[in-house]
Amino acid sequence: MWPVLVSTLGLLILVVLALATGRFAVPLSDVIEILGARLLGLPARTDPAMQTVILQIRLPRVLAALVVGASLAAAGATYQGLFRNPLVSPDILGVSAGASLGAVLGIFLSLPVGAIQGLAFAGGLTAVAAVYAVGAAVRGQDPVLTLVLAGVAIGAVLGSAIALLKILADPYNQLPAITYWLLGSLASVNLGDVGAILPAIGLGLGPLVLLRWRMNLMGLGEEEARALGVETRILRPVLIAAATLVTAASVSVTGVIGWIGLLVPHVARLLVGPDFRRLLPASLVLGAGYLLAVDLVARTIAPIEVPLGILTALIGAPFFLWLLASGRRGWA
């Protein structure tokens, strides 16, 4: 488990660096003092402006990056194991498309931020429920393949609805907001948003952690898993629902951030192997660190903040191609 321990230590260092770095630079010693004073309930002796920057602006972004990055990576590792496909990501069952449609509809109707996030969360869950309903209605076919194909089809329909709303939206106010949301960002996240998604993410990660040892059996295939005593007809929906829940909760707050659920599990698999008992903790740590690092780059690389979806694609796609070209270790 030394890769996970090293990654955890690197993550802690990255957290402190992210809190200290930005347009308003804060010395590392002041960051540590402010955090220590807050944890101990003591008054900090540092500049009040620095305390505001750390506690009210950067800390919510850091916490959101950690939670969302870890959740998307864990969901990606689960989907890849369940569907026995290294190219599967949390988007495969339409959760991101459903959440996007819900958020776009909320922006189109000029609803408040809380309502937009609620619609995004409900849209993601509804999309996956529809995919699973279609999969259950199709008899006599491979259940895994049916779910994937149903997810692709329903995702296409939802994408068409999003495109229609973009055409109908006000090009001066609504359309820029829709476009920015679809590219993903942590700029407007606050502690209330993080607190609002924590129960759903905790409820989703719980089954993944408790049942992680059974994921190794699910990767053997339907017949083999049943022969070993795993009730796949019950376990698969539970794991899919858990992974969908954490994905929908994450996307509802940050917008669509791609490539994390696809790329990070591959890196974790190279470090700790395909055993899901080690793969899940490694994916959680690496996913949190990856999104935190990308967010740090997004808010410092240019005079204006770069949407996270752009950076994750620019970084993730070439790195993923390198993994495909150089990887020799089996994913399953």
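Caption draft 1: Molecular detail of the packing of aromatic side chains. Under the defined criterion, the tally for this structure stands at three aromatic pairs. Taking the centre distance of 6.1 Å and the plane angle of 25° together, the rings of Tyr 79 and Phe 83 count as stacked. For the residue pair Tyr 79 and Phe 83, the accessibility class agrees, reading buried in each case. Pairing Phe 319 with Trp 322 gives two aromatic rings, centres 5.5 Å apart and planes at 20°, and the pair type is stacked. Separated by three residues within a single helix, Phe 319 and Trp 322 lie in helix α14 (residues 308–326), roughly one turn from each other.

Caption draft 2: Focus on the nonpolar core. By size, the foremost hydrophobic cluster in this structure holds 103 residues, and its most contacted members are Tyr 79, Phe 83, Leu 93, Ile 240, Ile 260 and Leu 292. With 18 residues, the single largest contributor to this core is helix α3 (residues 48–82). If sequence neighbours within four positions are ignored, Ile 260 has contacts with Gly 69, Leu 72, Ala 73, Pro 265, Tyr 290 and Leu 291.

Caption draft 3: Expanded view of the pattern of salt bridges. Enumeration over the complete set of coordinates arrives at five salt bridges. A salt bridge links Arg 277 to Asp 275; its shortest N-O distance comes to 2.7 Å. Two residues, Asp 275 and Arg 278, come together in a salt bridge whose shortest N-O distance is 3.7 Å. Where salt bridges share partners, they join Arg 61, Asp 295, Arg 299 and Glu 305 into one cluster.

Caption draft 4: Looking closely at the environment of Ala 156. Position of Ala 156 among the secondary structure elements: in helix α6 (residues 143–168). A sequence separation of 59 residues divides Ala 156 from Ala 97, and the C-alpha atoms of the two residues are 8.4 Å apart.

Caption draft 5: Molecular detail of a nonpolar patch on the surface. Residues Leu 9, Leu 12 and Ile 13 make up a contiguous nonpolar surface patch of roughly 320 Å² in combined accessible area. Along the chain, Leu 9 falls in helix α1 (residues 2–20). Taking the relative accessible area as the measure of exposure, Leu 9 reaches 53% and is therefore exposed.

Caption draft 6: Quick look at the side chain of Thr 146. Position of Thr 146 among the secondary structure elements: in helix α6. Excluding anything up to four places from it in sequence, Thr 146 contacts Gly 135, Val 138 and Gln 141.

Caption draft 7: Seen up close, unusual backbone geometry. Even without being a glycine, Ser 110 presents a positive backbone phi close to 60°. Assignment of secondary structure puts Ser 110 in the loop between α4 (95–108) and α5 (113–137).

Caption draft 8: How the structure looks around the side chain of Gln 80. When you line up the elements, Gln 80 lands in helix α3. A polar side-chain atom of Gln 80 sits 3.5 Å from the main-chain carbonyl oxygen of Gly 261. One polar contact links the side chain of Gln 80 to the main-chain carbonyl oxygen of Leu 262, over a distance of 3.3 Å.

Caption draft 9: How the structure looks around the packing of α4 against helix α7 (residues 174–183). At a closest axis distance of 10 Å, the pairing of α4 and α7 adopts a crossing angle of 155°. With respect to α7, the axis of α4 lies roughly antiparallel. The crossing of α4 and α7 is right-handed. Where α4 approaches α7, its residues Ala 99, Ser 100, Ala 103, Val 104, Ile 107 and Phe 108 are matched on the opposing element by Gln 174, Ala 177, Ile 178, Trp 181 and Leu 182. Across the contact of α4 with α7, the residue classes tally to nine nonpolar, two polar and no charged.

Definitions and limits used
- Residues numbered from 1 in each chain as written.
- Predicted model: local features only at pLDDT ≥ 70, side-chain atom pairs only at ≥ 80, totals over all residues.
- Heavy atoms only, no water.
- Phe/Tyr/Trp six-rings, centres within 6.5 Å; stacked < 30°, edge-to-face > 60°.
- Buried < 20%, exposed > 50% of the residue type's maximum accessible area, 1.4 Å probe, protein only.
- Helix = DSSP H or I, 4+ residues; strand = E, 2+ residues; numbered from the N terminus.
- Core = buried A, V, L, I, M, F, W, Y, C linked by side-chain atoms within 4.5 Å.
- Contact = heavy atoms within 4.5 Å.
- Salt bridge = Lys/Arg side-chain N within 4 Å of Asp/Glu carboxyl O.
- Patch = residues over 30% accessible without salt bridge, like charges linked within 9 Å, V, L, I, M, F, W, Y side chains within 5 Å.
- Areas by Shrake-Rupley, 256 points an atom, 1.4 Å probe, with all protein chains shown as cover.
- Polar contact = N/O pair within 3.5 Å; in protein donor to acceptor, adjacent residues only side chain to side chain.
- Axes fitted to C-alpha atoms, helices over the stretch in contact; angles between N-to-C directions.
- Parallel < 35°, antiparallel > 145°, perpendicular 65-115°, else oblique.
- Left-handed = near helix turned anticlockwise from the far one by under 90°.
- Nonpolar A, V, L, I, M, F, W, Y, C, P; charged D, E, K, R; others polar.

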